[in-house]
Amino acid sequence: MDFNDTKEEAEFRAKARAFLDKHLKPLAKGEANNMLSERDDRDSITRAKAWQATKYDNGWAVLTWPKEFGGREATPIQSVIWNQEEAKYRVPPAIFGIGLGMLGPTIMTHGTQEQKDKYIKKMARGEEVWCQLFSEPAAGSDLAGLRTSAVKKGDDWIINGQKIWTTGAHFSKWGMIVTRTDPTVAKHAGLTYFIVDMESPGVEIRQIKQINGGSGFNTVFFTDVKVPDSNRLGRVGDGWRVALTTLMNERASIGGGGGGLRTEDLIRQARNAELNGKPALEDSAVRQKIADFYIRSSGLKYTGYRTLTALSRGTTPGPESSIGKLVGAPMGQEVAAFAMELQGLAGGELGAAQEAYLGSPGLRIAGGTDEIMRNILAERVLRLPPEPRLDKETAFKDIPTGPATK
Amino acid sequence: MNFDFSEDQKLLQKTARDFLAEHSPLQVNRNVLESGKDWNSDLWKQTAEMGWQGAAIPESYGGAGFGYLELALIATEVGRAIAPIPFAASVYLATEAILLAGNDAQKKKWLTALASGAAVGTLALAEGLGFPSPASLKTTYSGGKVSGKKIGVPGGNIATVAVVAAKSGSGVTLALVDLSSGGVTRKPTESIDPTQAVAELEFTGAPAEVLGAEGKGHELLETVLDRAAVLLAWEQLGGAERSLELTRDFAMGRYAFGRPIASFQALKHRMADEYVAIELAKSNCYWGVWALENNDPELALAAPAARVSATQAFDLASVEMVQIHGGVGFTWEYDCHLFYRRAKQQGLVIGTASNWREKLVQRLAAKAAA
């Protein structure tokens, strides 16, 4: 039992470092890559594309992909090592993750040769950004309940509807969209998957303003958007199976863990805040809470190490890796609330803890809500029975719905 | 990254599991509970023959000389079986104290007997309600003799040797007392888990040897408790895992409203939460045993982390075990109470989760100030 690289891992790490050293500046102490806020700025998108091209041309862009698509068929642990090393340098924002992590592999699995030739290299080299058009205002956790329609007209399909929570739609060239092509059959059976040109007439992209004032996501309206049949991915009615490929490639959050908790910061804040006439750090309730955060956070950190060990041994971590998000996201919210409470009467004044508090609900919802994560653990790890489904065999058009939301 | 046990170690764990499935099914725990006996002494002899009590004791003192990774896996199996033997008191507390600080003669005499199962050890620490501090200890050591009264001593009525925390001058001394000698009176007291017996031990000038250096016992005690915390956490983890497995199996087979109750989200989510608590505890236990095996200073942080999260996991899993079983979970006949009792006994015996959180923050604050 140790935390060291194997000989092969150490060699790979050294190679990765040599390449990174040649092209990038290491982060200074305390400096962090600000991944989200930079996304909208045109200059950082240009820099991101340039860095992706450099990586691709040197064989470091799509490590785990097959060689025929520009990859090096690296193992998952090598991919983790690369990510660990790249994170130590000043890099432009990562705007290709959804395409490279989820959409590329979906085209490789279900695309025609023509589609693979047309899209994959430009995606891998960062020449074209991709986005994923799955969720809808009335279909989130229950994705197969989506209502955006596609109707065949000659050699084209006409798409109408609304997608939401689309990261990067406003700078993407292509989107991958799941639509309903037959509402008269059961809900999973009536779906079809397409590649859509985001510059098509009838595509309207609006940024969503979040609780915290930020706008990382979009809602996308489709009004009579024409998509050629040659952009269909998989058979008509087979969209759910294709979508599952995309979802299964959603990268498991590996390593790191701990929700970014810095115990030293909490202790310093507790030392500087006053409570009952003495430093809050002397208060027993405060101390118990700090300990509790530390213990959950170390539990996550070492769960990450166990996952890395599984990867290092060539086994795939199972759905148990969902505990990282299920524990880390609510804890981020609790830690932020605790930091504000330490500030006491002045805790309402907007600062880092308050920003974190306002931003934290998103992480408990994105990529599977806390409740969906619990279902996954209950059903796939503990093998408890699935929810009874009232809508599974019913024609989609006959499934009851609630009133339209805003 | 190689943060896992080796194949050989996992094989040892499987052997331990198979052995206990045969020799310590839950009925063996129940027999002790219902007979009013304090333990199953045959099982104690059998596990000693397997080398378990001496897992961390070097071969030169009669042990198996395995190591802490092996002992942790044995501990987790003992916990799964809620075996009715004083494994924690003897192996994690007394044996560790003697291993850490005993002189050669003490080690020869006691480690050999502890490894063979001929001796049963314990740590006598509590004197009143709460958690004792060096200032609050009233038991004294002076000139080779110990006097004072200890309560809630784990395995106190079957132990043959005790490490006694006593005051000498301004310091603390850990004193080694042969419990068969004069000046020792025992009074068995009832335990919330009668398969983990407790007793009051009264010392009136009982002959004692100093373990380590006189007056320097406080740091030694802290180290012993840290090491025991990791090993006991592994045992608690085993109990928690078994509780969840049995709860799951029951919920799959029990039907209400035309469905297995395991299909109700209200219960699925709670079992998922138990699973999460167990996984977090397990990861902290891995960290703890890594630090223990490598004698790494991170033990000071890893031990409280393992102790608190394993206590929380076993508490949660045993409480939910009763609740999810419903009415039958409250009966003597069903096994839920065996786990419910053991979880609480283990959660208290070397200090509560709150005690260990406080200890952790003291160490974190000291580290942040340094």
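For clarity, every value in this text was computed on a predicted model and none was experimentally measured. (Residues numbered from 1 in each chain as written. Chains lettered and ligands numbered in written order. Predicted model: local features only at pLDDT ≥ 70, side-chain atom pairs only at ≥ 80, totals over all residues.)

1. Describing unusual backbone geometry
Residues and elements named next belong to chain A. Basically, it comes down to this: By the criteria applied, helices consist of DSSP H or I runs no shorter than four residues and strands consist of E runs no shorter than two, each listed in order from the N terminus. The burial label depends on the number of other C-beta atoms within 10 Å of a residue's C-beta. Counts of 20 or more mean buried, 12 or fewer mean exposed, and intermediate counts mean partly exposed, with C-beta atoms placed from the backbone.
Here the phi dihedral of Trp-165 falls at roughly 65°; this positive angle occurs in a residue that is not glycine. If you trace the backbone, Trp-165 turns up in strand β3 (residues 156-167). Note on Trp-165: 22 C-beta atoms within 10 Å, which makes it buried. Phi at Arg-383 is positive, roughly 60°, even though this residue is not glycine. With respect to the secondary-structure elements, Arg-383 resides in the segment after α11 (370-381).

2. Some words on the domain arrangement of chain A
Residues and elements named next belong to chain A. Worth spelling out the cut-off: Note that domain bounds follow an automatic or database assignment of domains. What counts as a contact is two residues whose backbone-derived C-beta atoms lie within 7 Å of each other. Gly is placed with the polar residues, together with every amino acid not listed as nonpolar (Ala, Val, Leu, Ile, Met, Phe, Trp, Tyr, Cys and Pro) or charged (Asp, Glu, Lys and Arg).
One can read the domain layout of chain A as domain 1 (7-95), domain 2 (130-248) and domain 3 (258-366). Summarising the inter-unit geometry, the C-alpha centres of domain 1 and domain 3 are found 28 Å apart. Contacts between the two partners involve five residues from domain 1 and, on the opposite side, four residues from domain 3. The element that contributes the greatest number of residues to the side of domain 1 that touches domain 3 is helix α3 (residues 76-86), accounting for three residues. Taken together, the residues of the side of domain 1 that touches domain 3 break down into three nonpolar, one polar and one charged.

3. Considerations on the interface of chain A and chain B
Each partner contributes residues to the interface: chain A has 39 residues there, and chain B has 38 residues. Looking at the side of chain A that touches chain B, the elements with two or more residues in it are α7 (263-272), α8 (284-312), α9 (323-343) and α11 of chain A. A per-element tally of the side of chain A that touches chain B places α8 of chain A first, with 17 residues. Here the residues of the side of chain A that touches chain B sort into 21 nonpolar, nine polar and nine charged.

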